[in-house]
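Here are the chains, one letter per residue:
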Amino acid sequence: MSDDFHKFVWMDRLRGIAIIAIVIHHWLLFMPYKDSKLAVLIHTIAGTFVHLFFVISGCGLTISYFQRKPFSWTEWAKRRFARLIAPYWIIITLTFIFVNLAHFAMPAFITESYSWRVYLSYLSFWRNFYSPAWQLNPTFWFMPVILGLYLLFPVFVKILEKYGVAVLLGISVLI
């Protein structure tokens, strides 16, 4: 294995811990004892790992950017689309179909059905701004956030290259 792999293995491990904490955070939302003091405490602590995951992922993207010369933003965007957006669209489509079919087949058990507007709000990443969509799959609130961060990433990298870390951190804090 290369030295670069060993240099940043701690980052992958920390990201893995954050992923486990995020899964626990969301899992507790669906448990019958979710309002117990212990569950609320674990839920709160695990929820902070969402922020850690975003920061570590951004660091990983930045390191990848500076290690790849020449860097192609087109290839970067294609990889992000193939790894994140396309699978997300597939999962949302299947969820939408499954929930609406389940409602049709078992309306007493699955009481909600969802309109095409809800489906389109997920596909267009406007789900967080359309409250009727919030319950179709509440755990996907982060996708519009990630898309926004991906859209801002090239701008942040250019600020980092041109003005340095202090200015980037200052802008990040203001945002």
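As for the overall build of the protein chain
At step 1: Along the backbone of the protein chain there are seven helices and zero strands.
At step 2: Going from N to C terminus, the protein chain has its helices and strands arranged as α-α-α-α-α-α-α.
At step 3: Based on the C-alpha atoms only, the size of the protein chain along its principal axes is roughly 60 × 40 × 40 Å.
At step 4: Taken across its 175 residues, the protein chain has 28% of its residues classed as buried.
At step 5: Relative to all contacts within the protein chain whose residues are 6 or more apart in sequence, the contacts with residues 24 or more apart total 51%.
At step 6: For the protein chain, the exposed area adds up to about 11,800 Å²; of that, 73% sits on carbon and sulfur atoms.
At step 7: Separation of charge centres in the protein chain, based on 15 positive and 7 negative side chains, amounts to 4 Å.

A word on the packing of aromatic side chains
At step 1: Evaluated as defined, the whole model comprises 19 aromatic pairs.
At step 2: Ring centres 5.2 Å apart and planes at 25 degrees place the aromatic pair Tyr-88 and Phe-125 in the stacked group. Note that Tyr-88 is positioned in helix α4 (residues 73-105) and Phe-125 in the loop between α5 (116-123) and α6 (142-163), a separation of 37 residues in sequence.
At step 3: For Phe-125, a relative accessible area of 9% puts it in the buried group.
At step 4: With 5.2 Å between their ring centres and 80 degrees between their planes, Tyr-88 and Phe-140 make a pair best called edge-to-face. Of this pair, Tyr-88 sits in helix α4 while Phe-140 sits in the loop between α5 and α6, and the two are 52 residues apart along the sequence. Residue Tyr-88 shares its accessibility class with Phe-140, and that shared class is buried.

Concerning the nonpolar core
At step 1: Membership of the largest hydrophobic core comes to 14 residues, with the highest contact counts inside it found for Tyr-88, Ile-92, Tyr-114, Val-118, Tyr-122, Leu-136 and Phe-140.
At step 2: Beyond its immediate chain neighbours, meaning those up to four positions away, Ile-92 contacts Tyr-119, Tyr-122, Leu-123 and Phe-140.
At step 3: Counting eight residues, the second-largest nonpolar core is a separate cluster that includes Leu-61, Tyr-65, Ile-146 and Val-157.

Re the environment of Phe-66
At step 1: Inspection of the secondary structure assignment puts Phe-66 in helix α3 (residues 37-67).
At step 2: Residue Phe-66 is classed as partly exposed on the basis of its relative accessible area, which comes to 38%.
At step 3: Sequence separation between Phe-66 and Arg-117 is 51 residues, and the spatial gap between their C-alpha atoms is 41 Å.
At step 4: The contacts of Phe-66, once residues within four sequence positions are left out, are Leu-160 and Glu-161.

A closer look at the packing of helix α2 (residues 9-29) against α3
At step 1: α3 packs onto α2 with a crossing angle of 145 degrees between their chain directions and a minimal axis gap of 7 Å. Along this stretch, α2 crosses α3, giving a crossing that reads as left-handed.

Examining the packing of α4 against α5
At step 1: Across the interface, α4 lies against α5 with an axial gap of 10 Å and an inter-helix angle of 165 degrees. Accordingly, the angle class assigned to the pair α4 and α5 is roughly antiparallel. In this structure, the crossing between α4 and α5 has a hand that is right-handed. Across the interface between the two elements, Tyr-88, Trp-89, Ile-92, Thr-93 and Phe-96 from α4 touch Trp-116, Tyr-119, Tyr-122 and Leu-123 from α5.
At step 2: Of the residues that constitute the contact of α4 with α5, the class distribution is eight nonpolar, one polar and no charged.

What counts as what
Residues numbered from 1 in each chain as written. Predicted model: local features only at pLDDT ≥ 70, side-chain atom pairs only at ≥ 80, totals over all residues. Heavy atoms only, no water. Helix = DSSP H or I, 4+ residues; strand = E, 2+ residues; numbered from the N terminus. Buried < 20%, exposed > 50% of the residue type's maximum accessible area, 1.4 Å probe, protein only. Contact = heavy atoms within 4.5 Å. Areas by Shrake-Rupley, 256 points an atom, 1.4 Å probe, with all protein chains shown as cover. Lys, Arg positive; Asp, Glu negative; His and termini not counted. Charge placed at Lys NZ, Arg CZ, Asp CG, Glu CD. Phe/Tyr/Trp six-rings, centres within 6.5 Å; stacked < 30°, edge-to-face > 60°. Core = buried A, V, L, I, M, F, W, Y, C linked by side-chain atoms within 4.5 Å. Axes fitted to C-alpha atoms, helices over the stretch in contact; angles between N-to-C directions. Left-handed = near helix turned anticlockwise from the far one by under 90°. Parallel < 35°, antiparallel > 145°, perpendicular 65-115°, else oblique. Nonpolar A, V, L, I, M, F, W, Y, C, P; charged D, E, K, R; others polar.

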